[in-house]
Amino acid sequence: IILHRKQAEESAVTSTEEAVPKTIDRSKFPGGQISVYYATQTGTAESFAQQLEREAPDHGFYVRVVDMEDITVQDFLKATAYGSDDDTTARAIVLAATYGEGEPTDNSNEMVQLLK
């Protein structure tokens, strides 16, 4: 069962990566790409991320939405580093909710612990 779950997770990551275009069509998206990373407990931050994704093309941006649970710290740092988007400043939005007394959400807990 664990093997099948791991294979499913790997194929999900592959399909997500394939959905992201290798280059952004600047005639369609003159503003380039913005990566929106979300951490949510009840789904509110995810809803905001999806709203940005829907509205961004009207403003000339391609938005890639990423669940904080689906990315490693190293990949996050690499994706948001200077020069990662055609030698221009990478753009990233982090929508992070908290719960209780400001604790990190379940899907961001690992990222928060690694960044401490």
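These lines cover the structure that appears in this document, whether it is placed above or below. (Residues numbered from 1 in each chain as written. Predicted model: local features only at pLDDT ≥ 70, side-chain atom pairs only at ≥ 80, totals over all residues. Heavy atoms only, no water.)

### Focus: the overall build of the protein chain
Convention followed: In this text, helices come from DSSP runs of H or I with a minimum length of four residues, and strands from runs of E with a minimum of two, each type numbered from the N-terminal end. The rule is simple: take the accessible area with a 1.4 Å probe, protein chains only, and divide by the maximum for that residue type; under 20% is buried, over 50% is exposed, in between is partly exposed. Note on areas: Shrake-Rupley with a 1.4 Å probe; residue coverage comes only from the protein chains shown.
Secondary structure summary: the protein chain contains 4 helices and 5 strands in total. Shown N-terminal to C-terminal, the secondary structure of the protein chain runs as helices and strands in the order α-β-α-β-α-β-β-β-α. For the protein chain, with 116 residues in total, the buried portion stands at 28%. Accessible surface, the protein chain: about 8100 Å² in total, of which carbon and sulfur atoms supply 53%.

### Quick look at a negative patch on the surface
Our working definition: Candidate patch residues must exceed 30% relative accessible area and have no salt bridge, after which like charges are joined if within 9 Å and Val, Leu, Ile, Met, Phe, Trp or Tyr side chains if within 5 Å. Should a side-chain nitrogen of Lys or Arg be within 4 Å of a carboxyl oxygen of Asp or Glu, the pair is scored as a salt bridge. We count Lys and Arg on the positive side and Asp and Glu on the negative side, and we leave His and both chain ends out. A charged residue contributes its charge at one atom only: NZ of Lys, CZ of Arg, CG of Asp or CD of Glu.
A cluster of like negative charges, contributed by Glu69, Asp70, Asp106 and Glu110, occupies part of the molecular surface. Of note, Asp106 is situated in the loop between strand E5 (103-104) and helix H4 (109-115). Taking relative accessible area as the criterion, Asp106 reaches 54% and is therefore assigned exposed.

### Some thoughts on the side chain of Ser108
The condition is simple: Within 3.5 Å is the distance limit for a polar contact, defined as a pair of N or O atoms, with the added protein rule that one can donate a hydrogen and the other accept it, and that residues adjacent in sequence qualify only through two side-chain atoms. Note on contacts: a residue pair is in contact if any heavy atoms of the two residues lie within 4.5 Å.
Mapped onto the elements, Ser108 comes out in the loop between E5 and H4. Exposure remark for Ser108: the relative accessible area of 5% places this residue in the buried category. At 2.9 Å, the side chain of Ser108 forms a polar contact with the side chain of Thr105. The residues contacting Ser108, other than those within four sequence positions of it, are Ala39 and Met68.

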